[in-house]
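Survey of secondary and tertiary structure
Single-letter residue listing:
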Amino acid sequence: MTDRMVRRGSAVEGGFSYGGAVVAMLIISVVMSLLPFERGSAARVAASYIGTVLLQLCFLLAAIIPYKGTRARPRYGFTRPTARAALVAPAVAAISIVAFYGIAMLFGGFLSYIGYKSSGGTDMTSPVGITMAIVISVILAPVCEESLFRSSHLSSLGVMLGRRKLFFRTLAMTVIGGAVFAFMHCRPEQTVYQFFFGGALVYLTIKTGTVIPAVLAHATNNIIGIILAIPAVSGGVSAAETAALGSAAGIAVTVIASVVLCVAGVFVIRVIVRRVGKCDAAPSFTTVDLDGGAGYSDDGGTVAGVVFTVLSLAVCVALWTITLVAGIAS
């Protein structure tokens, strides 16, 4: 292999990354549940922050180690994006919040109707809580989660679906990528929004050919989320939601408006991203010239990659279900 040749990752690297991240999440969750600290105590809060930071770092390591071990690289890496792609990334986040918030709110209302109670959110009442929210949500999560979901695993999805037609491959990568992102968080009240936003990040990565726009969009989304979580702001949002869902007529109008906004948001994101990104959902190659390449090649890791992905997603869905049942029983 010459200096100008590089081995692209196969399906197994991303599948192994996803599986490793799920195992790390399980271990950290079990350790956190065994800590002898009372709920709400300073020690429990501090341990929660430490656990979250460790989990994000585990995501990053899970994304890197399989490729280092096989001396390969993911198709979607941290290459420099065009200026237009970097500028459109925050717009994708803003459009997502406007377009998908209504659908997410309706699902949250349904969860409340069946008795589900969230385990809690970000502490935005103390300087420490705000600082940790910024460090974790705006810095760590965008880099670590995008490395796992949009770089490592998405690159492997390209190989798993490499023999499919372009439209189907793009659609399947977007849907599967959104589902993997949503269920990994195990937060039922956020699942619908995370699915649509995760899909938007997948499409943004595919069309621009780099993970950096997705990192910027993810960070922007979380900044807006932090602002919306500030008590003075969240109180007004909650009041508006209660008013919208307070009557049959209000629910009907909200459902129609939410569906229209969701469909329009998907269309708008597709249009603006296609204008700034000219790449396609091409599969990874076993060996490809750095200046390009043609043809599809699979080193035999597709079956292993699919197995890792299916099993890991099944575990996440099971954990999501357990969280939902626990939230209803509490």
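Note that the structure is predicted; figures quoted are calculated from it, not measured.

1. Regarding helix α5 (residues 166–184)
Residues spaced three or four apart along an α-helix face the same direction, because each turn holds 3.6 residues. Compared with the 27 Å implied by 1.5 Å per residue over 19 residues, the 27 Å span of α5 between its first and last C-alpha is a close match. When we look at burial in α5, the residues that qualify are Arg 169, Thr 170, Ala 172, Met 173, Thr 174, Gly 177, Gly 178, Ala 179, Val 180, Phe 181, Ala 182 and Met 184. Looking at the buried residues of α5, the elements they touch are α1 (11–34), α2 (42–70), α4 (127–160), α6 (191–208), α7 (212–229) and α10 (302–329). One or two positions beyond α5, positive phi appears at Cys 186, with a value near 55°.

2. Details of α6
With 18 residues, α6 ought to run about 26 Å at 1.5 Å a step, and its terminal C-alpha atoms sit 25 Å apart, in line with that. Counting buried positions along α6 gives 16 out of 18 residues, so the element sits mostly inside the fold. Directly after α6, the chain includes Gly 209, whose backbone phi takes a positive value near 75°.

3. Some details on the packing of aromatic side chains
Scanning the entire structure with this criterion turns up 8 aromatic pairs. The interplanar angle of 70° and the centroid separation of 6.3 Å between the aromatic rings of Phe 59 and Phe 149 together place this pair among those described as edge-to-face. Taken together, the residues Phe 59 in helix α2 and Phe 149 in helix α4 connect sequence positions 90 residues apart. Here Phe 59 matches Phe 149 in class, with each residue buried. An aromatic cluster of three or more residues is present, and its members are Phe 59, Phe 149 and Phe 181. Over the ring of Phe 181 we find Arg 150, and its NZ or CZ is 4.5 Å from the ring centre.

4. Comments concerning the environment of Gly 198
You can see Gly 198 is positioned in helix α6. Among the residues examined, Gly 198 registers a relative accessible area of 0% and is labelled buried. Between the alpha carbons of Gly 198 and Thr 174 there is a distance of 8.0 Å; along the sequence they are 24 residues apart. If sequence neighbours within four positions are ignored, Gly 198 has contacts with Arg 150, Gly 178 and Phe 181.

5. Quick notes on the environment of Cys 262
Tracing the sequence through the fold places Cys 262 in helix α9 (residues 248–276). In the structure, Cys 262 is positioned 160 residues away from Gly 102 in sequence and 7.9 Å away in space, judged by C-alpha atoms. Ignoring anything within four residues of it in the chain, the contact list for Cys 262 reads Ala 99, Phe 100, Ile 103 and Phe 196.

6. A word on the environment of Ile 227
With respect to the helices and strands, the residue Ile 227 is situated in helix α7. Residue classification places Ile 227 among the partly exposed positions, given a relative accessible area of 44%. Between the C-alpha atom of Ile 227 and that of Leu 154, which follows or precedes it by 73 residues, the distance is 30 Å.

7. As for the nonpolar core
By size, the foremost hydrophobic cluster in this structure holds 22 residues, and its most contacted members are Val 92, Phe 100, Tyr 193, Leu 204, Ala 217, Ile 269 and Val 273. Among the secondary structure elements, those contributing two or more residues to this core are α3 (83–113), α6, α7 and α9. When residues in this core are grouped by element, the largest group, 9 residues, is from α3. One finds Met 25, Ile 28, Met 32 and Cys 144 within the second-largest nonpolar core, a separate group that totals 20 residues.

Calculation rules
- Residues numbered from 1 in each chain as written.
- Predicted model: local features only at pLDDT ≥ 70, side-chain atom pairs only at ≥ 80, totals over all residues.
- Heavy atoms only, no water.
- Helix = DSSP H or I, 4+ residues; strand = E, 2+ residues; numbered from the N terminus.
- Expected span 1.5 Å × (residues − 1).
- Buried < 20%, exposed > 50% of the residue type's maximum accessible area, 1.4 Å probe, protein only.
- Contact = heavy atoms within 4.5 Å.
- Phe/Tyr/Trp six-rings, centres within 6.5 Å; stacked < 30°, edge-to-face > 60°.
- Lys NZ or Arg CZ within 6 Å of the ring centre and 35° of its normal.
- Core = buried A, V, L, I, M, F, W, Y, C linked by side-chain atoms within 4.5 Å.

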